[in-house]
Amino acid sequence: MAIVVSERECFGCALCVLSCPEDAIKITSSFIVEIDEEKCTECLECLYYCPVDALTEA
Ligand code: SF4
Ligand code: SF4
């Protein structure tokens, strides 16, 4: 499994970045959210923090 970001929903608020205990989420200069699958433990914390449900488990 992996965490997937909907670029259509995401507006770059960075709450997911702050929520991640593994520092696995980055926002690029063009406001694209990137998940580092090597670091991600699939704790799902970021899913709860995203205000627009842009993150899903796939
Ligand atoms: S599932 Fe957990 S470890 Fe993975 S990106 Fe989200 S907050 Fe970080
Ligand atoms: S919390 Fe949601 S809307 Fe905010 S940057 Fe992360 S994925 Fe995008």
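Figured I'd write up the structure that's included with this text. All values reported here derive from a predicted model rather than from experimental measurement.

Definitions and limits used
- Residues numbered from 1 in each chain as written.
- Chains lettered and ligands numbered in written order.
- Predicted model: local features only at pLDDT ≥ 70, side-chain atom pairs only at ≥ 80, totals over all residues.
- Helix = DSSP H or I, 4+ residues; strand = E, 2+ residues; numbered from the N terminus.
- Rg over C-alpha atoms; globule rule 2.2 N^0.38 Å.
- Buried ≥ 20, exposed ≤ 12 C-beta atoms within 10 Å, placed from the backbone.
- Contact = placed C-beta atoms within 7 Å.
- Near = placed C-beta within 6 Å.
- Nonpolar A, V, L, I, M, F, W, Y, C, P; charged D, E, K, R; others polar.

## A word on the overall build of the protein
Helix and strand content of the protein: two helices and four strands. The helix and strand sequence of the protein, counted from the amino end, reads β-α-β-β-α-β. What you see for the protein is a C-alpha radius of gyration of 10 Å, in line with the 10 Å of a compact globule of 58 residues. In terms of overall dimensions, the protein has a C-alpha envelope of 25 × 20 × 15 Å along the principal axes. Looking at the protein as a whole, 16% of its 58 residues are labelled buried. Of the contacts formed within the protein by residues at least 6 apart in sequence, a portion of 58% connects residues at least 24 apart.

## So, the site of ligand 1
With respect to spatial proximity, 14 residues lie near ligand 1, and among them C20, C40, C43, E45 and C46 are the closest. The residue inventory of the shell around ligand 1, partitioned by class, reads nine nonpolar, two polar and three charged.

## Some points on the site of ligand 2
Surrounding ligand 2, one finds 14 residues, the nearest of these being C10, C13, C16, C50 and A54. Here the shell around ligand 2 is built from residues that sort into 13 nonpolar, one polar and no charged.

## Quick word on the environment of E34
Mapped onto the elements, E34 comes out in strand β3 (residues 33-35). Considered as a pair, E34 and A24 are ten residues apart in the sequence and their alpha carbons are 8.2 Å apart. Among all residues touching E34, those that are not within four sequence positions of it are K26 and T28.

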